[in-house]
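# Coordinate inspection notes
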Amino acid sequence: ASLNFIADAIKDYSSEPISAIGHRIVHGGTLFPDSCLIDDTALHELKQLNSLAPLHNPHNVAGIVAAKHIFPHAIQVGVFDTGYHRTIPEHAYTYPIPRDLATKYRRYGFHGTSHKYVVQQAAKFLGKDRINAISFHLGNGCSVACIKDNKSVDTTMGYTPLAGLPMGSRSGDIDPSIVLKLIKDEGYSVDEVSEILHNRSGLFGLSGSSDSLTVERGFEKGDPEYVLAFKVFAYSLRKILGAYSAVLNNTVDCVIFTGGIGENSPLLHNLVCEDLLPVSHDTYSRHNAVSDISGDQGLKGPRVLVVKTNEELAIARECVKIMKDQ
C-alpha cells in the first residue's frame, strides 16, 4: 500500500518513468560484497540471508518484491550496509572460535552506507582526499566504524546487527555465557532469548524506554534508571573511542557523530569526549550539513564533527553507478 501511494505521488510529480529503485539492505553476507542489480537470482540468494538480520532483511526483501511488481520496467538496485566494511582485515573480522566455524561466522559490520557518506563529507569539509576517522552512527541502532584512509578497518557490530554497543532495544555485546544460562538454567527457549536480546534490552531494558530523548531527559532530571541507562550507553562509546584511537596509532583526523542521536545530542557529545577531546557547541546547528564542535584546540588534535547523514542520496548515487554499468 505504501509503495502504491509513492507510485501515485511520483506520477503527480513527474511524467518521466522510474528507471531504477535503490534498496537499503542491511545484510549482504559474503554473497553481496558491493551494491548490485537485484535480479531474480540475486533475490533468491538474498532471501537465504533473512536469518542474519531478522529485524531488517525480511522487510528489505518484501520491499524489493513489491517494487518489482509496481515498477516492472525499473531495475532494482541493492545497496548493502555490510558493503563498506569489506575492507576490514582478516585479523579484525575473525572470531576466536574453532577455525572451521570462524570461516563461517565472522564480523561483517553494518551502517556502512551511512559511515561511508559521512566520512566523504568530513574529508571534503577538512579539505583532504583521505582521512583517518572514528565514525559514531548513533540512532535506534548504533555502531562505530574505525576508518583509515577512508576505508573501514574495524567496526563494533559483528556477524549480525545485534553485536557491539547497547542500542535502543538491542543488548549489544554481553557475555555469551548469559545466553547459555538463560536457556539451560532459567528455562528460556531460543526464541525467548532472541526476543530479550533484540527487543527488550539496551536502553529499553535498563530504563523502560528505547527513546533516547526520553532517556536523556530522565538523565538530566536525575531519575536513577535513566541515569544508569545513559551512563552505560555513553561509557560504551568512550571505550570504543579510546580503542579505535589506538588502532589508528593516535593519528585521528576527526571524530564524527551522526544518526538521530549522534546529530542531536550535545550532552552525549560532551560525555563521550569529556577529558579526551575539547568540545564546544557555540557554533553548533542541527541545520548544518557539517558542524565543527571542536573546542579550544585551534588546529591541533582531531576535529570533532557532527555530520548529517544522507543514506538516501548515497543510495541514489549507487543506483546511477549501477545503471551506467548496464
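Residues numbered from 1 in each chain as written. Predicted model: local features only at pLDDT ≥ 70, side-chain atom pairs only at ≥ 80, totals over all residues. Heavy atoms only, no water.

## So, the packing of helix H10 (residues 212-221) against helix H11 (residues 224-247)
The N-to-C vectors of H10 and H11 enclose an angle of 115 degrees; their axes lie 7 Å apart at closest approach. The angle between H10 and H11 falls in the class roughly perpendicular. Relative to H11, the crossing made by H10 is left-handed. Judged by residue contacts, Thr-214, Val-215, Glu-216, Gly-218 and Phe-219 of H10 engage Tyr-226, Val-227, Ala-229, Phe-230 and Lys-231 from H11. When grouped by side-chain class, the residues that make up the contact of H10 with H11 number six nonpolar, two polar and two charged. (Axes fitted to C-alpha atoms, helices over the stretch in contact; angles between N-to-C directions. Helix = DSSP H or I, 4+ residues; strand = E, 2+ residues; numbered from the N terminus. Parallel < 35°, antiparallel > 145°, perpendicular 65-115°, else oblique. Left-handed = near helix turned anticlockwise from the far one by under 90°. Contact = heavy atoms within 4.5 Å. Nonpolar A, V, L, I, M, F, W, Y, C, P; charged D, E, K, R; others polar.)

## Focus on the side chain of Thr-113
Inspection of the secondary structure assignment puts Thr-113 in helix H6 (residues 112-126). Ignoring sequence-local partners within four residues, the contact set of Thr-113 consists of Val-79, Phe-80, Asp-81, Glu-311, Ala-314 and Ile-315.

## Here we look at the layout of surface pockets
Of the pockets and cavities examined, the largest pocket occupies roughly 1000 Å³. Lining the largest pocket we find 28 residues, and of these Tyr-159, Thr-160, Leu-162, Val-179 and Leu-197 sit closest to its centre. Secondary structure elements with two or more residues in the lining of the largest pocket: helix H7 (176-184) and helix H8 (190-199). In terms of residue count, the dominant contributor to the lining of the largest pocket is H8 (five residues). Among the residues making up the lining of the largest pocket, the classes are represented as 18 nonpolar, seven polar and three charged. (1 Å grid on protein atoms, 1.4 Å probe; cavity = no way out; pocket = protein on both sides within 12 Å on 5 of 7 lines; lining within 4 Å. Points joined across faces, edges and corners; volume = space filled by probe spheres on them.)

## Topic: the packing of aromatic side chains
For the structure shown, the criterion picks out five aromatic pairs. With 4.9 Å between their ring centres and 15 degrees between their planes, Phe-32 and Phe-80 make a pair best called stacked. Separated by 48 residues along the polypeptide, Phe-32 in the loop between strand E1 (20-25) and strand E2 (36-37) and Phe-80 in strand E3 (residues 75-80) bring together distant segments of the chain. Taken individually, Phe-32 and Phe-80 each receive the classification buried, so the pair is uniform in this respect. With a centroid separation of 5.2 Å and an interplanar angle of 20 degrees, the aromatic rings of Phe-136 and Phe-257 are classed as stacked. Here Phe-257 lies in strand E7 (residues 254-258) and Phe-136 lies in strand E4 (residues 133-138), a separation of 121 residues in the sequence. Phe-257 carries the same exposure label as Phe-136, and that label is buried. (Phe/Tyr/Trp six-rings, centres within 6.5 Å; stacked < 30°, edge-to-face > 60°. Buried < 20%, exposed > 50% of the residue type's maximum accessible area, 1.4 Å probe, protein only.)

## Comments concerning the packing of H6 against helix H14 (residues 311-325)
The geometry of H6 relative to H14 is characterised by a closest axis approach of 9 Å and an angle of 95 degrees between their N-to-C directions. The angle between H6 and H14 places the two elements in the roughly perpendicular class. Contacts between H6 and H14 pair Thr-113, Ser-114, Lys-116, Tyr-117 and Gln-120 from the former with Glu-311, Leu-313, Ala-314, Ile-315, Arg-317 and Glu-318 from the latter. Of the residues in the contact of H6 with H14, the class split is four nonpolar, three polar and four charged.

## Here we look at the sheet that holds E1
In sheet architecture, strand pairing relies on hydrogen bonds along the backbone and comes in two forms, parallel and antiparallel. What the three strands build is an open sheet, ordered E1-E3-E2; its pairing is mixed. Bordering the open sheet on either side are E1 and E2, each of which pairs with just one other strand. Here E2 pairs with E3 via two bridges, running antiparallel. If you follow Leu-37 over to E3, its bridge partner there is Val-77. Helix-sheet contacts for helix H3 (residues 57-70) involve E1 and E3, and the interaxial angle to E1 is about 170 degrees. (Pairing = 2+ DSSP bridges.)

## Some points on empty space enclosed by the protein
Tallying each qualifying case throughout the model produces one cavity of 30 Å³ or more. Empty space within the largest cavity amounts to approximately 40 Å³. Leu-52, Ala-53, Pro-54, Leu-55, His-56, Thr-160, Pro-161, Leu-162, Arg-170 and His-198 are the residues that line the largest cavity. Residue classes in the lining of the largest cavity are distributed as six nonpolar, three polar and one charged.

## Remarks on the sheet that holds E7
Taken in spatial order, the six strands line up as E6-E5-E4-E7-E9-E8 in an open sheet, and their pairing is mixed. Each having just a single partner strand, strand E6 (151-155) and strand E8 (290-292) make up the two edges of the open sheet. Sheet twist, expressed as the average angle between the axes of neighbouring strands with direction ignored, equals 25 degrees. Bridge count between E4 and E7: five bridges; the pairing is parallel. When the sheet's bridge partners are listed, Ser-135 is paired in E7 with Ile-256.

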